[in-house]
Each structure stands twice: as C-alpha cells, then as structure tokens.
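A closer look at the structure
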Amino acid sequence: MEFSHLVRPRSVEEAYSYAVAPNALLIGGGAWLRMSPRSVETAVDLSSLDLRYIRQSGQLVEIGAMATARDIETSTVPERAFGNVFRNAAENIVGVQMRNIVSMGGTIAGRFGFSDLNTLFLALDAHLVLHTAGELSMESFLSKAPKVPLLIEKIMIDRGHRATFKSVRNTSTDLPILNVAVAFDAKGWRIAVGARPGPARSASNAARILGTARRPGEESIVAAARATVEELSFRSDIRGTAEYRRSVCAVLVRRALTEASS
Amino acid sequence: MNITITINGRERSFDIRPADMLIDVLRAAGFVEVKKGCDTGSCGVCTVLLDGTPIPSCSYFAARADGHEVTTVGGLAREASELAEYLVAEGADQCGFCAPAFALTVHAMKQEISSPTDEQIKHYLAGNLCRCSGYDGQMRAIKKYLEASHG
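Remember, predicted model here, so these are calculated numbers, not experimental data.

1. Considering the environment of V32(B)
All names here are of chain B. Tracing the backbone shows V32 in the loop between α1 (22–28) and β3 (47–50). According to the C-beta neighbour criterion, V32 is partly exposed, with 13 such atoms within 10 Å. C-alpha of V32 to C-alpha of I3: the two residues are 29 residues apart in sequence and 20 Å apart in space.

Take a look at the structure:
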C-alpha cells in the first residue's frame, strides 16, 4: 500500500469530506493494508474519531466502527446479550497483537471472504449505520459492492438473538477453511456461511426449513444443513477444495443448529 | 510528514513517508530488537507495545503512533532478562529471534491477566510463533516465571 497523503480528521463529517475525493481510502484498523498493492492519493485515518466503543442502547448492542476484534472478544456487553459467541468468533483471528488493531468497521468494509466476524454479523442480522446514507443491512452490504465511499459509524444488533459460531482451520491462528454462524430470534432462524472462500452469504431457503420453532427437530436440522450446501456456492483455494468445503459445511451447520437450539 | 513518538520513555521525532510502517521507522532509528519476520502480521516477532498494548509493528502505520508511547524489549530490559533466565533453564530459547516479542507479549499478559491458566497463556501467546522450541519449554518457563513473579 502506498499513499501520497495521510489525514487524521477529528470529526466524521470531516472524514467523509476527504473520503469522497478521488482515489481516497478510509483506514480503519489498517491491519491488512500492508499487503495491498494499491496506490491511493489520500489515506483517511479514522483512529482519531470517537468510534471505539461497545455499548448497550435499549434493545440494541451498538459497536463503534473503530472497536477492535480484541474489544469485542473481551467486552462484557456482547457477552451479556449473546453469550460467548463473539468470543468464539474473534479468538482465533491471528494473534492478540493483530486483534488489537483489527477494527470492526474495517473488517466489514473490506468484505473479506476470510472474516469470521462478518459471518457472525450476517447471521445476527446486523445493521450498519452509515454517515449520510442511513442504515443498511449487513446482508445488503455483503451481497453488492458499494459504488460510492461508505463511512460506517457503527454496527447495531438486536439483543434478542441466540447464536452459535463454528469454524474449521488448519491451525488455531490460521484463516478459516470455512466458518458458519446460526442465529435465532422472534422472526426465525438465520444461517450464514463464510470463507467459501468468498464473502459470507446467508442460506435463507435452508433456514426456512427450520420454521420459527426455538427447538427444531433433528430431522429439520439435518435437512437444513443439507439444504445450506445446495443453496450456497463453494470454491477451491489454497486452504481447501470446494468438495471439502461442502462436506464441512453440512457438518458445521448441523452442529451449530444443534447447539443453538439446545 | 513529521511525527513524534515516545520510545522506551524518550521522545523521538521522525520525518516519515505517510505510508511507512512502524517497524521500518523503528529499525531505521536503531531499534533493531524489533524483528522483521513474515511482514504480514502473522508471526508476532515484530510485536511492540503501543501505550502498553501489544501490536504488530509490521502492520501498523507509523503515522498512527504519533503522540503515543512505544515500548520495545529495550524498554523492558530487566523484566526480559528475568524471563530469559527461565527460558534458558527450560531449554526454550534457541535462535532467540522470537524472544524480544515473546517477552513483550508475556509482559502485556501479566498486566491484563493476573493469574493466567494454561489455556489463557496458550491463547494469549498464540500469535507469537517460534520455529525452534515446540512451545512446551516456553510454557514451563512462563509458568515458573509467573509463579516467581507472584512470590
């Protein structure tokens, strides 16, 4: 990564004014930019903005865009709302050093296929609050790359979810071969699969098999797991073949649903 | 661009390129105890403490350290030497390349978790790769070091 200028705005408004300029790049944690061959004119460092927080606001958990992976791993706010699912999803992201700089806004904005947390955000039906553009669901954001610069201010998740996260990786700190998150709320089940190896996708048809029952039967769980594999696409890369990912996916979805419904 | 960083308690000013990484600025200034390994944030040998928090200096823009405190193992010389005695006694230190970052991460863990379990130690140090030891010796050394630290 190369850039000609780096600016450190003090307000979201100021940051956005830089972001809409030609060939500008917003920097959240900046953790993965080292490896990018990209050259930009202006890098907009968001670290001076007041966006590093995790808090409860009524029925919502609000996560500021500059909250780190380590923040979300250790904060008691998501733990009180969702149990240990955020800890499970964050704790294998490289090492504690990297988790101290990886930001939630940057993780989402990068639409990284390898992201564990994006898969969980998708299952939890997270909504993004964007500067000047209002709210956008994680589902919409991940399914279509934005054409204009989006400045994520915070991520909002309804507290009424029960969720489970599963992944398979070669070693504990490696990127996942596949990850799965499932969540249940009053509207029913959501199944999300990431590291396929593309960005996380939800399997809405498969989730409908489970209905709105808090404790679906074993037959429904097995059927939903099989349907997830049929509904989503998988590819091969250095970490695993598409065939392997399909096999693992069915197992992880079944395990995640069984655990979340127990 | 000009930045000022307090390194191991001493304020230093640098004229850097905007995209310079912290590790490169530190090493060019003589802090060669900050090692360059994978250069992708994965191996942990470039670890420094930023305001007391371990970060990978290879993946952190130097400009962001402006106005902050950076600690290399040189700033924790006495504590690192104490830990090194346990590492040597347990046969856990061979080439020594990972040792500076290892000492810094152990220090950060001590600050964050007063009496870590084996699992917590493994988890906290998972981002510090060592290609020599196999980790068993390191675990023994850390546990004995922590026991001694707590008296």
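2. Examining the interface of chain B and chain A
With 24 residues of chain B at the interface, the matching set in chain A holds 23 residues. Where the side of chain B that touches chain A is concerned, the elements lending two or more residues are β4 (53–56) and α4 (118–124) of chain B. Element by element, the count of residues in the side of chain B that touches chain A is highest for β4(B), at 4 residues. Broken down by class, the residue content of the side of chain B that touches chain A amounts to 13 nonpolar, 10 polar and 1 charged.

3. What to know about the domain arrangement of chain A
Residue and element names in this part refer to chain A. Under the domain assignment used here, chain A contains domain 1 (2–48), domain 2 (54–158) and domain 3 (162–260). A separation of 19 Å is found between the C-alpha centroids of domain 2 and domain 3. Opposite the 22 residues of domain 2 that make contact, domain 3 presents 25 residues. When residues of the side of domain 2 that touches domain 3 are traced back to their parent elements, those giving at least two are α4 (85–90), α7 (116–123) and α8 (138–143). Per-element tally for the side of domain 2 that touches domain 3: the top contributor is α7, with 6 residues.

4. Some details on the nonpolar core
Formed by 138 residues in total, the largest nonpolar core has its most connected members in L120(A), A123(A), A163(A), V182(A), I191(A), A224(A) and V253(A). Beyond its immediate stretch of four places on either side in the chain, L120(A) contacts V85(A), F86(A), A89(A), A163(A), F165(A) and A181(A).

5. Side note on the domain arrangement of chain B
All names here are of chain B. What the domain assignment reports for chain B is domain 1 (2–72) and domain 2 (75–149). Its C-alpha centre places domain 1 at a distance of 21 Å from the equivalent point of domain 2. Residue-level contacts link 16 residues of domain 1 with 13 residues of domain 2. Residue assignment for the side of domain 1 that touches domain 2 shows that the elements contributing at least two residues are β3 and β4. Broken down by element, the side of domain 1 that touches domain 2 gets its largest block of residues, 3 residues, from β3. When the residues that make up the side of domain 1 that touches domain 2 are grouped by side-chain class, the tally is 6 nonpolar, 8 polar and 2 charged.

Calculation rules
- Residues numbered from 1 in each chain as written.
- Chains lettered and ligands numbered in written order.
- Predicted model: local features only at pLDDT ≥ 70, side-chain atom pairs only at ≥ 80, totals over all residues.
- Helix = DSSP H or I, 4+ residues; strand = E, 2+ residues; numbered from the N terminus.
- Buried ≥ 20, exposed ≤ 12 C-beta atoms within 10 Å, placed from the backbone.
- Contact = placed C-beta atoms within 7 Å.
- Nonpolar A, V, L, I, M, F, W, Y, C, P; charged D, E, K, R; others polar.
- Domains from an automatic or database assignment.
- Core = buried A, V, L, I, M, F, W, Y, C linked by C-beta atoms within 7 Å.

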